[in-house]
Structure formats: C-alpha cells, structure tokens
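Examining the three-dimensional arrangement
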Amino acid sequence: MISHLPILQVIIPLLGAPACLLLGKARLSWIFATVVALITFIISVLLLIQVNEQGTISYMLGGWEAPWGIEYRIDYLNAFVLAIISAVGTLTLIAANDGIKKEIDEARQPLFYVSFLLCFAGLLGITATGDAFNVFVFLEISSLSMYTIIALGKDRRALWASYQYLIVGTIGATFILVGIGLMYSMTGTLNMVDLAERLPPVAESKSVLASYAFIFVGVSLKLALFPLHFWLPNAYTFSPGIVTAFLAATATKVAVYLLIRFDFGVFEMSSPEVKQTINRLFITLGIAATLIASWTAIKQSDIKRMLAYSSVAQIGYMIIGIGLDSSSGVQASVLHLFNHALMKGGLFLVLVAIALQLGSTQLKDLQGIAKRMPWTFFGFVLGGLSLIGVPLTAGFISKWYLVSAAAEQEQWYIIAFVLIGSLLAVAYIWRVVEVAWFKSADSEIANQQQQTMPEKIPLLLLIPLWILILSNIYFGIDARFPIYFSQQAANLFFGGL
Amino acid sequence: MIIFDLLNYWVVIILMMIGFFIVISRGNLVKKIIGLNIFQVSVFIFYISVGNVRGGTAPIFLEGATLYSNPLPHVLILTAIVVGIATTALALSLVIRIKASYGTIEETEILEQDKQ
C-alpha cells in the first residue's frame, strides 16, 4: 500500500470524480468530495515524509520500467507542491458547501464537485508525473474541468471569461504538445530524467531550442506570465468565489512548478550565452509583471479583480527567482509559491465570506464593513499584510529570500523593483482598508447592507479561512518547514550542500 | 529538393499558421473554434510525421518485414485527438450558452454589451 502512494495521490480524486457524479445529491457529493480531498491530503503528507526519509521515490506505472513505461517521480520539489495543492484543495472544499450556496443552483452543485475533483486530480497529476506526455494529458484534464467550473459563475461574463481562457489555454497546451513532440523527435524518449540525459548531446540543434521556446510560451500562457496574463483577471473575477480561491492558490502554482521542472530539470542550453539571454528575459518579464500588474490592481473597483491582478504581480516575483538561475533564486521561487498559495487562498476565502454577506465585492459596497464584520475584515488585513511582505508574515520570508538571492548576484536593481512592487501592494491593500475601516457607509449603502446581512458567516467557511490566514502568520514566524523543503528542492537542481 | 523531402513539415507549419491566424483574427466565436481545430490538427500531423520511418511499413507484424514505423507517436496523438474533441465540444457548448445569454456570437458585440 505504502509503495503505491504516488499513484494513489492522483488516482483517488480521479476516480472520486465519476463516483461523485453517481451520488447525485448536492450535500452528499460535497461530503464525499471533501473526504476524497482529505485522503489525498493525507497521502501527500505521507509522501512528503517518505521523500524526506528515503529521497526521491520512483514509481513505475503498471510495472513497466522507465524510460519505456510512465514513471511517477516524487522528489522534494513536487512532494512539496503536491502537499500545497492538496492542502488548499481540501480547505476550499470544506468551505465550498456554504460558499457556493448563493452562486450555483442546487441542481448543478453535484456537477460542480465532479469538475472540481477532476481539476484537482489533473493538477496533482501534472505535479506527480515524471513523463512529459503525461504532463500534457493531465494539463488538459485540469484545464477542461477548470473551464467548466469558471463558467459556473452567476454573471454571464463568466461564460465569456471561460471561453477566452479556453482559447488561450488550448493554444498554450498545444504549444507544450509541439515542444514535447520536438523533444521526442530529437531524443526518442518522453521520460524527464531520460530527456535530461539525452538532450545535452543534441543541445546545439535548432529543434531543441524551438522545443524549449514552445514549452516556455505554452507554460507561460498557463501561468499568466505578463504579457500573456490577459485571460486571468476575467477568469478570477467572474468565476464562483470558491473556485477563485482554489485556482489562485493552485493552478498557476502548478504551472510555475512545471516551468521550474522543465527549465532546470529537463533542458540544458547549448551555451551560457543562450541561458543568460533566457534568464534576462525571465527577469525582465517578472519585473514588468510585478510593476504593471500591481499598478493596474490599484485602479480596480472590484476587489476580486484587484487581487487577480495582484496574483499576476506575485507570479512575477516567482519568475524573477527562476531567472536568477541560482540555488537561492529557485529556493525563493518555491518559497513564494508556498506562501502565495497561503495568502491568496486566505484572501479569496475572505472575499467569499464578504460576498456571502453583501452579495458584492465592489469596493464602494464595502464602506464601513469593518464595523459590521470586524473579524472577517481583520483576516483580510492580515492576508494583505502578508501580500505586502510585512515582517512576521509569510510574505516577508519569501521576499527576503528573493532579495538576498538578487543581492548574491549583485543585481541591485531587482531589489529596487521588488521594493517598488511591495509599495504598490501597500497602495492597493490600503485602498480597501481605507474604504472599509474609515469611511462610514452612506445611508443608501447602509440600507442595502442591512437588508443583505441576515445571518452569521457559516462556521465551515470560517475555519478554512482562518487556517489559511493564520498560517500566513505562523509561517512568517516559524518558517523552518517551507525553508527546509524549498532548499532541498533547489538542491535537486543545483547540487551543493 | 528540400521542400519535397520535408513536405509534411511544411504542411504542418502552413496549417498551424492558418489556424493560429484564424483564432486571432476572427471575431466569430465558432470560427475561432474552427481555427483552433486546424491548429491542433497541424500538431497531429506533425506527430504522425515524426513517427514515420523511411521505407518502414505499418507497425503490424508482417511476414518478411524488418523495418517498421514508430508506433509510439501515433498512440500519443490518439490521446491528443481525444483531448481535441473534448475541447471542441466544451467550446461549442460554451458558445451555445453565450448565445443564449448575450444573443450574439460576435466578439465585438459581446465586448460592447459588457461595457454597458
């Protein structure tokens, strides 16, 4: 049993999805989906422990040996990412029953859980697998179900957002497919470890460079790297709140993981110059994402949209870390991947709570909300502080590592831009705090609030919300766990220690 | 002639560009999906061409045959074809719902309605 953990990690939610369809009742499917997610989470924790004890686990699907068969290869990096995804997935599913009550018809709710589990399985699959083509298959499983759950949003613009994402996502995935095909035609293998061995001798070839370019662009579309991010704000704004919390914390993270895996684990550039050009591209795009997306975030009137742009900006930090191309740079990226999942998961769940009470996430409707829901809003402030990167929050740790990684290479301008990015984050978080805390509601909006604020926020929404928000503080003070794993993950590619 | 040697790949590139161009330039949502399909089909052809071994027969056990084409890319692309069909089906059903709630399937008109 224990030796089959890598496949169980993926297969349990994958089989859970159709089983969920058979249940048919909304509440029943919710309980079932949550239990499935919880089992997945336990498996991911066991995997993490197992990796830490024995090192990389290699699992042969159906007993076919790699590189002929499909190999699932769990090392420090993807064990860590698996744990993040399954933890956030479980927490959002716990909150889902109350969270989607107002947004999705009861008749459609079971289908929501089916798609959610499929998406969950797809994301876990991308992370767990060590086979390049398998990545494509799981990418499409997760993407197709993602389009479905985005389209479930109440607003009709959700349909348009989903369509837009479908077009972009399919082009991205097809690009990855072309890249994988080119790699296969050069090396005759699809196994990532095997590819890493066979690619260097043919690194001079234009095909390999082209395949790198295709995969880079395809993955960048998926992770919403500036300027390929245009689908993301719409998709995040109009999908149901729970879906946004889940996607923001997992989907782009998996794409970042994929980029790290392909960039450091598979490809080797023919010459240092090529590598340097690519790194410079990463850093430039990362900085542009941070500045421009943060600036756009300040101007948004919908908080959900604001946080969506902020996600694009935060992804910029991770890309800068990858572009630094050093052990500490990758460590900073992986750390930020973890921390950002905590902050955005928490913040978007706060928005679910606010939307549940107010029926809106527009900034103007939030006037005086801090007095009515002081605790929930306090959660938003804590999450916001972490997003900014204030000391004693998780966001600070990862930014600190990023800044030190840049200082190591004496790239001072990166530090300046990271600081500017954080200041811009202060600006957009402050706008919300100002409206919610210091503006008293004018009578019209107060009336409206009176009417729409009937009951307390359900407990099952509050628990995951506070777990995520408080973990931002916890991992800001005692960051040993993420630091240890991100360091081990970086060591996979850069050796050392 | 190098063009005829690599004819398949030229076809792939031309189809890919045509498909990509349709996706970008057309405002009609269904036409976009058609473009997406052409784009994907070009990749299917690419994989199938990769698997071809010059002078090899189909990868079926035959008396006297020694050289076979590589079946693996063909198998891979079967998966991709299935994925392509699923994507098309999903995209078309989204278009139906967009038509029902917006009353149009032209991109410009949808964007205009959203602005209001």
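Just so it is clear, the structure is predicted and the values come from calculations on it, not from any experiment. Every chain is numbered independently, its residues counted from 1 as its sequence is written. For this description, chains carry letters from A and ligands carry numbers from 1, given in the order in which they are written. Per-residue local features are limited, in this predicted model, to residues with pLDDT of at least 70; the limit for side-chain atom pairs, both in listing and counting, is 80 or more; totals at the level of whole chains, interfaces and linings are taken over all residues. Computation of side-chain values covers all heavy atoms of the structure but excludes hydrogens and water.

Some points on helix α4 (residues 109-128) of chain A
Under the convention used in this document: Only DSSP runs of H or I covering at least 4 residues are called helices, and only runs of E covering at least 2 are called strands; the numbering of each starts at the N terminus. To estimate the expected span of a helix, count its residues, drop one, and scale the result by 1.5 Å. Each residue gets one of three labels from its accessible area relative to the maximum for its type: buried under 20%, exposed over 50%, partly exposed in between, using a 1.4 Å probe on protein chains only.
Taking 1.5 Å per residue, 20 residues should reach 28 Å; α4 of chain A reaches 28 Å between its end C-alpha atoms and fits that length. For α4 of chain A, a buried count of 18 out of 20 residues is recorded, marking the element as mostly surrounded by other parts of the structure.

Examining a nonpolar patch on the surface
Residue and element names in this part refer to chain A. Worth spelling out the cut-off: Patch definition: residues with relative accessible area over 30% and no salt bridge; like charges joined within 9 Å; nonpolar side chains (Val, Leu, Ile, Met, Phe, Trp, Tyr) joined within 5 Å. Each accessible area value is a Shrake-Rupley result obtained with a 1.4 Å probe; residue values ignore everything except the protein chains displayed when judging cover. A side-chain nitrogen of Lys or Arg and a carboxyl oxygen of Asp or Glu constitute a salt bridge if their distance falls within 4 Å.
Side chains of W375, F378, L423, V426, W430, W437 and F438 sit close together on the surface and give an oily, nonpolar patch of about 810 Å² of accessible area. For the nonpolar patch, the secondary structure elements donating two or more residues are α15 (374-388) and α17 (412-438). Sort the elements by how many residues they give to the nonpolar patch and α17 lands first, with 5 residues.

Some details on the side chain of S49 of chain B
Residue and element names in this part refer to chain B. Under the convention used in this document: Think of a polar contact as two N or O atoms within 3.5 Å of one another; within protein, one of them needs to be a possible hydrogen donor and the other a possible acceptor, and neighboring residues in sequence only count if both atoms come from side chains. The contact rule is simple, with two residues in contact once any of their heavy atoms fall within 4.5 Å.
Among the structural elements, S49 can be located in helix α3 (residues 29-51). The exposure class assigned to S49 is buried, which follows from its relative accessible area of 8%. Among the polar contacts made by the side chain of S49, one reaches the side chain of N8 at a distance of 3.1 Å. Not counting residues within four places of it along the chain, the set of residues in contact with S49 comprises N8 and Y9.

Topic: the nonpolar core
Residue and element names in this part refer to chain A. Heads up, the rule is: Grouping buried Ala, Val, Leu, Ile, Met, Phe, Trp, Tyr and Cys residues that are joined through side-chain atoms within 4.5 Å yields what is termed a nonpolar core.
Core analysis: the largest hydrophobic core is formed by 201 residues, its most contacted members being F112, M183 and F267. For this core, the element with the highest residue contribution is helix α10 (residues 241-266), accounting for 18 residues. If sequence neighbours within four positions are ignored, F267 has contacts with M183, L199, V208, S211, Y212, I215 and F262.

A few points about the interface of chain A and chain B
A common way to express how large an interface is: the accessible area buried when the components associate. Condition: Simply put, the buried area is the total loss of 1.4 Å probe accessible area from both parts when two parts are fitted together. Under the scheme applied, nonpolar residues are Ala, Val, Leu, Ile, Met, Phe, Trp, Tyr, Cys and Pro; charged residues are Asp, Glu, Lys and Arg; polar residues are all the others, including Gly.
Each partner contributes residues to the interface: chain A has 29 residues there, and chain B has 35 residues. Among the residues of chain A in contact with chain B, R156, W160 and Y163 of chain A are the three that bury the most area, contributing 24% of the side total. Summed over the shared surface of chain A and chain B, the result is 0 salt bridges. Every element with two or more residues in the side of chain A that touches chain B is listed here: α5 (132-151) and α6 (157-187) of chain A. Of all the elements, α6 of chain A adds the most residues to the side of chain A that touches chain B, at 18 residues. Tallied by class, the residues present in the side of chain A that touches chain B amount to 19 nonpolar, 6 polar and 4 charged.

A short note on the pattern of salt bridges
All names here are of chain A. Taken as a whole, this structure holds 8 salt bridges over all chains when the rule is applied. Linking R198 and D194 is a salt bridge whose minimum nitrogen-to-oxygen distance equals 3.2 Å. With R198 and D194 both in helix α7 (residues 192-198) and 4 residues apart, the pair spans about one turn of that helix. Residue class for D194 comes out buried when judged on its relative accessible area of 10%. The partner of K364 in a salt bridge is D365, with the nearest N and O atoms 3.8 Å apart. Given the relative accessible area of 53%, K364 is considered exposed. Residue D365 is classed as buried on the basis of its relative accessible area of 12%.

Some details on the confidence of the model for chain A
Under the convention used in this document: Values of pLDDT, ranging from 0 to 100, describe the predictor's confidence in every residue of the model.
Confidence in the prediction of chain A, expressed as mean pLDDT, is 88, and 96% of residues score 70 or more. Summarising per-element confidence for chain A, the mean pLDDT is lowest in helix α18 (residues 443-452) of chain A (62) and highest in α5 of chain A (93).

With respect to the packing of aromatic side chains
To keep things clear, this is the line we draw: Any Phe, Tyr or Trp ring, taking Trp's six-membered ring, that has another such ring centre within 6.5 Å forms a pair; planes under 30 degrees apart are called stacked, those over 60 apart edge-to-face, and the others tilted. When the NZ atom of lysine or the CZ atom of arginine is within 6 Å of a ring's centre and also within 35 degrees of its normal, the charge is said to sit over that ring.
This model, assessed by the stated rule, comprises 38 aromatic pairs over all chains. Relative to Y484 of chain A, the ring of Y76 of chain A has its centre 6.4 Å away and its plane inclined at 85°; by these criteria the two rings are edge-to-face. On the criterion of sequence distance, the pair formed by Y76 of chain A in helix α3 (residues 76-99) and Y484 of chain A in helix α20 (residues 480-494) is long-range, its members being 408 residues apart. Here Y76 of chain A falls in the buried class, since its relative accessible area comes to 11%. For the ring pair W375 of chain A and W466 of chain A, a centre distance of 6.4 Å and an interplane angle of 70° mean the geometry is edge-to-face. Taken together, the residues span a long stretch of sequence, with W375 of chain A in helix α15 and W466 of chain A in helix α19 (residues 459-477) at a distance of 91 residues. We classify W375 of chain A as exposed; its relative accessible area is 62%. By relative accessible area, W466 of chain A is classed as buried at 18%. In this structure an aromatic cluster arises from ring pairing among Y76, F80, F338, Y474, F475, F481, Y484 and F485 of chain A. We note R156 of chain A situated over the ring of Y102 of chain B; from NZ or CZ to the ring centre the distance is 4.2 Å.

Observations concerning α20 of chain A
It helps to recall that an α-helix has 3.6 residues per turn; residues three or four apart then point in one direction. All names here are of chain A. Between the first and last C-alpha of α20 there are 20 Å, a value that for 15 residues agrees with the 21 Å anticipated at 1.5 Å per step. Listing the buried residues of α20 in full gives P482, I483, F485, S486, A489, A490, N491 and F493. In this structure, the buried side of α20 is in contact with α2 (26-54), α3, α10, α13 (327-358), α16 (394-408) and α19. Positive phi appears at G495, one or two residues downstream of α20, with a value of about 60°.

Details of the packing of α15 of chain A against α19 of chain A
All names here are of chain A. Quick reminder of the rule: To get an axis, a line is fitted to the C-alpha atoms, and for a helix only the part in contact is used. The angle between two axes follows their N-to-C directions and goes from 0 to 180 degrees. Each angle is binned into one of four classes, with values under 35 degrees roughly parallel, values over 145 roughly antiparallel, values of 65 to 115 roughly perpendicular, and all other values oblique. Should the near helix be turned counterclockwise from the far one by less than a right angle, the crossing is left-handed, whereas a clockwise turn marks it as right-handed.
Between α15 and α19, the shortest axis-to-axis distance is 9 Å and the interhelical angle comes to 40°. Viewed along their axes, α15 and α19 adopt a mutual orientation that is oblique. Crossing handedness for the pair α15 and α19: left-handed. Residue-level inspection shows W375, F378, G379, L382, G383 and S386 of α15 in contact with α19, the latter providing W466, I469, N472 and I473.

Side note on unusual backbone geometry
Residue and element names in this part refer to chain A. The step from F226 to P227 runs through a cis peptide bond, and the omega angle for that step is 0°. By the secondary structure assignment, P227 is in the loop between α8 (206-223) and α9 (231-238). A positive phi angle is found at D325, which is not glycine, with a value near 55°. By the secondary structure assignment, D325 is in the loop between α12 (303-324) and α13. Judged by relative accessible area, D325 falls into the partly exposed class, the value being 24%.

Regarding the side chain of S333 of chain A
Residues and elements named next belong to chain A. Along the chain, S333 turns up in helix α13. With relative accessibility at 0%, the residue S333 sits in the buried group. For S333, the contacting residues outside a window of four places in its chain are I260, M318, G321 and I322.

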